[in-house]
Amino acid sequence: MTEATQILHAFETAATAPLTYAKSWQKNQQRPVVGILPMNFPPELVHAAGALPTLLQADDEPVSIGYSRIDSFYCGYNRSLVNQTMSDEFGFLSAIMLGDHCVQLLGTADTMRNHMPHVPVLYDQLVSTINSPWAFSESLRCLNALKSQLEDALDTTISDTALSDSITLFNENRALVRQVYALRTAGDIQLGSTAMQHIVKASMVMDRADHTVLLQQLLAALQSQDKPASAALPVFLSGHMCH
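Reading guide: rules and limits
Residues numbered from 1 in each chain as written. Predicted model: local features only at pLDDT ≥ 70, side-chain atom pairs only at ≥ 80, totals over all residues. Heavy atoms only, no water. Buried < 20%, exposed > 50% of the residue type's maximum accessible area, 1.4 Å probe, protein only. Helix = DSSP H or I, 4+ residues; strand = E, 2+ residues; numbered from the N terminus. Pairing = 2+ DSSP bridges. Right-handed = clockwise from strand over helix to strand, strands pointing away. Contact = heavy atoms within 4.5 Å. Axes fitted to C-alpha atoms, helices over the stretch in contact; angles between N-to-C directions. Parallel < 35°, antiparallel > 145°, perpendicular 65-115°, else oblique. Nonpolar A, V, L, I, M, F, W, Y, C, P; charged D, E, K, R; others polar.

Let's talk about the pairing of strand β3 (residues 95-99)
So, point 1. Among the 5 residues of β3, 5 are classified as buried, and the element is accordingly described as predominantly covered.
So, point 2. Residue alternation in β3 divides its side chains into two sets, Ala95, Met97 and Gly99 and Ile96 and Leu98, and both sets are buried.
So, point 3. Where strand β1 (residues 33-36) and β3 come together, 3 bridges link them in parallel fashion. Its bridge partner being in β3, Val34 is matched across the sheet by Ala95.
So, point 4. When β3 meets strand β4 (residues 121-124), the two strands line up parallel, connected through 4 bridges. The residue of β4 that forms the bridge with Gly99 is Asp124.
So, point 5. This β-α-β element, β3 to helix α5 (residues 103-115) to β4, shows right-handed connectivity.

Here you go:
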């Protein structure tokens, strides 16, 4: 097994079983894990608090017990979150950061609070109209409120230095992901679409420092290989609102 294959396998493992990865990290590091939603939440805040930010994702399990709390017209993401909540998949989390972005998320938040009273649900409405004159001041208010809630939930203090270090690390990681994507698009490295997706999904759940080191090693390994025979990439476009 080549070095690149080993690294890609590590990404695949984390991407396909994110909660298993988070529980293992929590056990090994003896530090808290905080679930976050994918709607603009800054995982740097959680990282700066000494916890692992893990993006809560829809799983492949059929929704069953979740329908005892929500209607079937809820979007797939909310249905899955509620089903996982009712199946006690999120009970190990130290907190959940959840935003008011749609009416259905209100129902999901209520279900989480009622079913897991021991897991704080940190709730606020992040700014979506970022070009408005009041957007900066409101964003600052919201982020400071979330920071205060997170400090209370984890019984810690988030220093400016820790936050700055986390922002630097996360920006480095994002730049590396973009570099891998750009090299793949240009046809300079051999990397399949599934592997690329695993890299991105793993970045949402893995310890970002570990993910960054593995990405650096992967880039070096891929760039040392022969270039693909053809730079042409097939394109498949698929999408649905809220999915």
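Some details on helix α4 (residues 76-86)
So, point 1. For α4, the tally of buried residues reaches 10 of 11 residues, placing the bulk of the element in the interior.
So, point 2. Residues of α4 that are buried include every one of Gly76, Tyr77, Asn78, Ser80, Leu81, Val82, Asn83, Gln84, Thr85 and Met86, and no others.
So, point 3. At its buried positions, α4 is contacted by α2 (18-29) and α5.
So, point 4. Of the residues trailing α4, Asp88 is marked for its positive phi of about 65°.

Thoughts on the packing of α4 against α5
So, point 1. With their axes 10 Å apart at the nearest point, α4 and α5 run at an angle of 5° to one another. Taken together, the axes of α4 and α5 are roughly parallel relative to one another. Note on element contacts: α5 touches α4 through Gln104, Leu105, Thr108, Thr111, Met112 and His115, opposite Asn78, Leu81, Val82, Thr85 and Met86.
So, point 2. Class assignment of the residues belonging to the contact of α4 with α5 gives a composition of 5 nonpolar, 6 polar and no charged.

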